[in-house]
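Descriptive structure summary
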Amino acid sequence: HTTTRSVAGFANATYSYDGRYTVNGTFRYEGTNRMGKSRSSRWLPTWNMSGAWNVHEENFFKTFSSVLSHLTFKASYSLTADRGPEYVTNSHAIITSYSPFRPFTSGQETGLYVSDPENSELTYEKKHELNIGADMGFLDNRINFSIDWYKRNNYDLIGITPTQGVGGSIYKYANIASMKSHGIEFTISSKNIQSKNFSWHTDFIFSKAKNKVTELNARSSVMDLVSGYGFARQGYPVRGLFSIPFVGLNSNGIPMYNINGKITSTDIDFQTRDNIDYLKYEGPTDPTITGSFGNIFTYKAFKLNVFITYSFGNVVRLNPCFSYQYSDLSSMPREFKNRWTVPGDEKRTNIPAIISKRQYEDNKDLMYAYNAYNYSTERIAKGDFIRMKEISLSYDFPQSWIAPAKISNLSLKLQATNLFLIYADKKLNGQDPEFFNTGGVASPVPRQFTLTLRLGF
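Everything in this summary refers to the structure shown in the same document. Here, residues in each chain are numbered from 1, in the same order as that chain's written sequence. Where totals are concerned, whole chains, interfaces and linings use all residues; where local detail is concerned, this predicted model gives features only for residues with pLDDT of at least 70, and gives and counts side-chain atom pairs only at 80 or more. The basis for every side-chain value is the complete set of non-hydrogen atoms in the structure, without hydrogens or water.

1. A short note on the pairing of strand S10 (residues 198-216)
Condition: Pairing between two strands requires that DSSP report at least two bridges joining them. A run of DSSP states H or I qualifies as a helix once it reaches four residues; a run of E qualifies as a strand once it reaches two. Both are numbered from the N-terminal end.
Note: strand S9 (residues 171-194) against S10, 17 bridges, orientation antiparallel. Among the inter-strand pairings, Gln 194 is bridged to a residue of S10, identified as Ser 199. The turn joining S9 and S10, which pair antiparallel and follow one another in sequence, is formed by three residues.

Spelled out as structure tokens, the structure:
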């Protein structure tokens with residue numbers, strides 16, 4: 001049983017002068033017993049300061065009003081905090097009961113063990129953030145533009161770190177990491193054509209973000225870094241992906257790798273946390289550029305919506321489909337058509353051979369060679385894509401048609417979503433980059449066609 005107690009209070013003040021200048025300040029003070037016994041960790045003040053300048057309210061703005069419809073500058077700076085993951089509740093030692101092993105049931109007894117030691121130094125995850133932005137409109141607001149730039153400094157981030165084992169626990173949660181990030185976002189909305197019977201509106205959204213782990217008091221294994229989900233490593237993005245350097249196939253079609261300067265097929269330790277600098281950094285698994293491009297066309301009672309999404313800057317790990325043995329139930333991708341089959345093929349292909357049972361019996365370490373191939377530099381693709389997200393066409397029936405039937409409104413809409421990829425890396429071989437390595441039972445969203453009839457009385 002656990003008892004969680006939290007208390008918080010906040011104050012907010014806003015001052016505005018003549019509709020031109022606005023200043024806002026927020027102060028929050030909160031505490032919880034989840035964050036340890038130390039008074040410096042139990043209570044935390046956070047705050048936010050922001051301001052805006054409506055330039056279009058100034059007298060001198062009239063000079064530019066023929067071109068510039070409105071202009072606002074805004075900025076904010078804040079310290080925010082989070083108590084961390086919900087399962088981090090080890091402010092006190094957690095003692096759990098269990099049944100120790102005894103050779104006979106007559107000797108059974110209940111035991112106690114420390115499942116989580118006291119962690120009184122644990123404190124909040126914190127973030128300093130600076131935002132600067134502007135909103136503006138042109139040509140009587142036919143073109144509207146908004147831009148925001150931000151810089152964040154996250155520190156005291158909570159994660160698992162190894163210990164010396166004192167207290168009965170090898171790993172514990174601690175404030176082990178710091179991270180810096182920055183990005184820019186802008187939106188453009190325009191009324192390209194506006195007439196009595198026809199209109200064309202466009203919306204374009206662009207976002208670019210980068211982050212870097214500046215401090216990390218934890219050690220990662222080779223498997224953590226190459227698995228495909230992305231893992232934190234100091235000096236790299238928070239979800240960086242690494243690969244085992246592939247150097248080619250040998251004369252028998254077995255993949256070879258460069259492990260700390262040694263060319264080998266089998267001398268690979270996936271669990272080691274030492275001497276892992278030989279791994280090649282491929283890139284982040286999270287996209288650095290995202291956005292959308294939408295167009296809405298209207299002609300009388302017809303409305304056509306064409307919506308495109310895009311994402312760039314990340315890499316994905318291709319499915320781990322290579323193995324030292326296969327069965328009749330194995331599902332093989334297209335790459336196997338170009339695999340090594342006879343000596344000399346190593347000069348034209350990088351797809352390893354399907355080894356025989358005798359080869360494996362002679363050297364059972366070959367399983368490491370094929371497992372490493374799944375996590376090598378050969379099994380990386382770009383996650384960039386441009387997707388036709390939605391196309392819809394709707395029609396609003398005229399009132400003159402439906403009024404005699406005492407119907408207030410009647411419309412028909414045909415909508416198609418996730419139609420196709422306009423662009424994606426050819427190495428994906430048809431696999432969907434947007435739903436890659438999502439784990440569990442996740443699967444790509446299928447194409448959907450929806451016919452909607454709206455009727456109102």
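2. A few points about the pairing of strand S1 (residues 6-17)
The pairing of S1 with strand S2 (residues 21-32) spans 12 bridges and is antiparallel. Across the sheet, Thr 14 pairs through a bridge with Asn 24, a residue of S2. Once S1 ends, the chain turns through three residues before running back antiparallel as S2, passing Asp 18 with a positive phi of about 55 degrees.

3. Side note on the nonpolar core
Under the convention used in this document: The criterion is simple. A nonpolar core is a set of buried Ala, Val, Leu, Ile, Met, Phe, Trp, Tyr and Cys residues joined through side-chain atoms within 4.5 Å. Buried, partly exposed and exposed residues are distinguished by accessible area as a fraction of the type maximum, computed with a 1.4 Å probe on protein chains only: under 20%, between the cut-offs, and over 50%, respectively. Contacts are residue-level and defined by heavy atoms, with any inter-residue pair within 4.5 Å sufficient.
With 29 residues, the main nonpolar core has Val 222, Val 226, Ile 244, Tyr 257, Ile 268, Phe 270 and Leu 279 as its most contacted residues. The set of elements that each furnish at least two residues to this core consists of helix H2 (222-226), strand S12 (246-249), strand S13 (255-259) and helix H4 (366-374). The biggest single contributor to this core is H4, with five residues. Once you skip the residues sitting within four places of it in the chain, Val 222 turns out to touch Asp 269, Phe 270, Thr 272, Ile 276, Tyr 278 and Leu 279. In this structure, Ala 174, Ile 176, Met 179 and Val 213 belong to the second largest nonpolar core, which totals eight residues.

4. Description of the layout of surface pockets
Condition: Only protein atoms enter the 1 Å grid used here, on which a cavity is any set of points holding a 1.4 Å probe that cannot leave and a pocket is any open set flanked by protein within 12 Å on both sides along at least five of seven lines; residues with an atom within 4 Å of a point are listed as lining. Grid points are joined across faces, edges and corners, and a volume is the space filled by probe spheres set on the points. Note that Gly is not counted as nonpolar here; it falls among the polar residues with everything else outside the nonpolar set of Ala, Val, Leu, Ile, Met, Phe, Trp, Tyr, Cys and Pro and the charged set of Asp, Glu, Lys and Arg.
The computed volume of the largest pocket comes to approximately 370 Å³. Forming the walls of the largest pocket are 17 residues, and the residues nearest its centre are Ile 176, Leu 216, Ala 218, Phe 231 and Ala 232. Among the elements of the structure, strand S8 (143-162), S9 and S10 are those that each provide at least two residues to the lining of the largest pocket. Counting residues per element, the lining of the largest pocket draws most heavily on S9, at four residues. Here the residues of the lining of the largest pocket sort into 13 nonpolar, one polar and three charged.

5. Here's the deal with a nonpolar patch on the surface
Definition in use: Exposure above 30% relative accessible area and the absence of a salt bridge qualify a residue for a patch, where like charges join within 9 Å and nonpolar side chains (Val, Leu, Ile, Met, Phe, Trp, Tyr) within 5 Å. All accessibility values rest on the Shrake-Rupley procedure with a 1.4 Å probe; residue burial counts only the protein chains present in the view. By definition here, a salt bridge exists when the distance from a side-chain nitrogen of Lys or Arg to a carboxyl oxygen of Asp or Glu is within 4 Å.
Together, Tyr 15, Tyr 17, Tyr 21, Val 23, Trp 53, Phe 60, Phe 64 and Phe 73 make up a nonpolar patch on the protein surface, roughly 820 Å² of accessible area in all. Secondary-structure assignment places Tyr 17 in strand S1.

6. Quick look at the pattern of salt bridges
Charged atoms that come close allow side chains of opposite charge to pair. By the definition in use, this model includes 17 salt bridges. The partner of Glu 30 in a salt bridge is Arg 28, with the nearest N and O atoms 3.6 Å apart. By relative accessible area, which is 12% here, Glu 30 ends up buried. Overlapping salt bridges bring together Asp 18, Arg 20 and Glu 58 as one network.

7. Points about H4
In an α-helix, one full turn covers 3.6 residues, which means residues spaced three or four apart are oriented alike. Buried within H4 are the following residues: Leu 366, Ala 369, Tyr 370, Ala 372, Tyr 373 and Asn 374. Looking at the buried residues of H4, the elements they touch are S12, S13, strand S18 (315-317) and helix H3 (357-362).

8. Notes on unusual backbone geometry
Here Leu 139, not a glycine, exhibits a phi torsion of approximately 50 degrees, which is positive. By relative accessible area, Leu 139 is classed as partly exposed at 46%. Phi at Asn 275 takes a positive value of approximately 50 degrees, unusual for a residue other than glycine. Assignment of secondary structure puts Asn 275 in the loop between strand S14 (262-264) and strand S15 (280-284). For Asn 275, a relative accessible area of 60% corresponds to the exposed category.

9. Quick word on the sheet that holds S14
For clarity, the threshold we go by: To get an axis, a line is fitted to the C-alpha atoms, and for a helix only the part in contact is used. The angle between two axes follows their N-to-C directions and goes from 0 to 180 degrees.
If you trace the three strands from one edge of the open sheet to the other, you get S12-S13-S14, paired in antiparallel fashion. Edge positions in the open sheet fall to S12 and S14, since each of these has one partner strand only. Within this sheet the neighbouring strands show an average axis-to-axis angle of 25 degrees, counted without direction. Taken together, the three bridges between S13 and S14 define a ladder with antiparallel strand orientation. Bridge pairing in S14 links Ile 259 to Lys 262. Along the sheet face, H4 touches S12 and S13 and points at about 75 degrees away from the line of S13.

10. Structural notes on the environment of Gly 261
Along the chain, the position of Gly 261 falls in the loop between S13 and S14. Between the C-alpha atoms of Gly 261 and Tyr 278, which are 17 residues apart in sequence, the distance is 8.0 Å.

11. As for the packing of aromatic side chains
Rule in force here: Each Phe, Tyr or Trp ring, with Trp reduced to its six-membered ring, pairs with another whose centre is within 6.5 Å; inter-plane angles below 30 degrees give stacked pairs, above 60 give edge-to-face pairs, and intermediate values give tilted ones.
Enumeration over the complete set of coordinates arrives at 23 aromatic pairs. Seen in terms of ring centroids, Phe 246 and Tyr 373 are 5.6 Å apart; in terms of plane orientation they differ by 80 degrees. Their pairing is edge-to-face. You can see Phe 246 sitting in strand S12 and its partner Tyr 373 sitting in helix H4, a full 127 residues away along the chain. Neither Phe 246 nor Tyr 373 differs from the other in exposure class; each is buried. The interplanar angle of 15 degrees and the centroid separation of 4.8 Å between the aromatic rings of Phe 322 and Phe 336 together place this pair among those described as stacked. Taken together, the residues Phe 322 in the loop between S18 and H3 and Phe 336 in the loop between S18 and H3 connect sequence positions 14 residues apart. The exposure class assigned to Phe 336 is buried, which follows from its relative accessible area of 4%.

12. What to know about the side chain of Asn 374
To keep things clear, this is the line we draw: We call two N or O atoms a polar contact when they sit within 3.5 Å, provided that within protein one can donate a hydrogen and the other can accept it, with sequence-adjacent residues counted only if both atoms are side-chain atoms.
If you trace the backbone, Asn 374 turns up in helix H4. Owing to a relative accessible area of 3%, Asn 374 belongs among the buried residues under this scheme. There is a polar contact of 3.4 Å between the side chain of Asn 374 and the backbone nitrogen of Cys 321. Within the structure, the side chain of Asn 374 is placed 2.8 Å from the backbone oxygen of Phe 322, a separation counted as a polar contact. Not counting the four nearest positions on each side in its chain, Asn 374 is found in contact with Arg 317, Asn 319, Pro 320, Cys 321, Phe 322 and Arg 379.

These figures capture arrangement, not role.
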